[in-house]
Amino acid sequence: MQEKFVIFKKLKNRTDLEIGILIKENDSKVLILQDNIPVEHIPFDFTVEYMAGRRVIKGEIVDNWINDRVPPPYRQDINDILKELELREYNQWELFKRYLGRSVRDTYFITQIS
């Protein structure tokens, strides 16, 4: 089943800037970045690709970005987190979705496309 999400960045003026689209199909994830976005608004993990003109990013680099946005499975209170989010077991993708892709280190977030 394919899932699609818009990635936004909350700017200092409280507006939301659309960064791109994240598509997950089976175990594959693809990020499609928008054109003409100032590079300082692109997630750091993707700036080299973006500056090289690549707008479609796949594979490990996308997985690493997602991984950095969720608590690790070895976190001391992970069972409490899973229970609070109504997850029976650790699932990185489900955690990412339930957290809306948010991280305490930046202002990016996702919204699912129906």
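### Concerning the pattern of salt bridges
Under the counting rule described, the total for this entry stands at nine salt bridges. Of the charged contacts in the structure, one is a salt bridge between K97 and E3, with a shortest N-O distance of 2.6 Å. Pair noted here: K97 is in helix α4 (residues 92-98) and E3 is in strand β1 (residues 2-10), with a separation of 94 residues, a long-range link. Owing to a relative accessible area of 18%, K97 belongs among the buried residues under this scheme. For E3, a relative accessible area of 8% puts it in the buried group. Of the charged contacts, one joins D77 and R75 as a salt bridge, the two residues approaching to 2.6 Å between their closest N and O atoms. Since its relative accessible area comes to 28%, D77 is described here as partly exposed.

### Focus: the packing of aromatic side chains
Given two aromatic rings, their pairing is described by the distance between the two centres and the angle made by the two planes. Tallying each qualifying case throughout the model produces five aromatic pairs. Both rings, one in F46 and one in W65, keep their centres 5.7 Å apart while their planes meet at 55°; by these two values the pair is tilted. With F46 in the loop between β3 (28-33) and α1 (47-51) and W65 in helix α2 (residues 60-67), this residue pair connects regions lying 19 residues apart in the sequence. Residues F46 and W65 agree in their burial class; the two are buried. Residues W65 and F96 carry aromatic rings whose centres are separated by 6.0 Å and whose planes lie at 70° to one another, so their mutual orientation is edge-to-face. With W65 in helix α2 and F96 in helix α4, this pair connects stretches of sequence that are 31 residues apart.

### Some words on the environment of F8
Of note, F8 is situated in strand β1. Distance from F8 to R98, taken between C-alpha atoms, is 16 Å for residues 90 residues apart in sequence. Setting aside its immediate chain neighbours within four residues, F8 contacts D16, L17, E18, I19, T107, Y108, F109 and T111.

### Notes on the sheet that holds β3
Taken in spatial order, the five strands line up as β4-β3-β2-β1-β5 in an open sheet, and their pairing is antiparallel. Where the open sheet ends on each side, the last strands, each with one partner, are β4 (56-58) and β5 (108-113). The mean inter-strand angle of the sheet, taken between neighbouring strand axes irrespective of direction, is 25°. Strand direction decides the pairing type here: β3 and β4, joined by three bridges, are antiparallel. In the strand pairing of β4, I32 is matched with V56. Of the strands in this sheet, β1, β2 (16-25), β3, β4 and β5 touch α2, which is tilted by about 75° from β4.

### Concerning α2
Every buried residue of α2 is accounted for by V62, W65 and I66. The buried residues of α2 occupy an angular sector of 100° when the element is viewed end-on, so they sit on one face. Contact partners of the buried residues in α2: β1, β2, β3, β4, α4 and β5.

What counts as what
- Residues numbered from 1 in each chain as written.
- Predicted model: local features only at pLDDT ≥ 70, side-chain atom pairs only at ≥ 80, totals over all residues.
- Heavy atoms only, no water.
- Salt bridge = Lys/Arg side-chain N within 4 Å of Asp/Glu carboxyl O.
- Helix = DSSP H or I, 4+ residues; strand = E, 2+ residues; numbered from the N terminus.
- Buried < 20%, exposed > 50% of the residue type's maximum accessible area, 1.4 Å probe, protein only.
- Phe/Tyr/Trp six-rings, centres within 6.5 Å; stacked < 30°, edge-to-face > 60°.
- Contact = heavy atoms within 4.5 Å.
- Pairing = 2+ DSSP bridges.
- Axes fitted to C-alpha atoms, helices over the stretch in contact; angles between N-to-C directions.
- Arc of directions from axis to C-beta.

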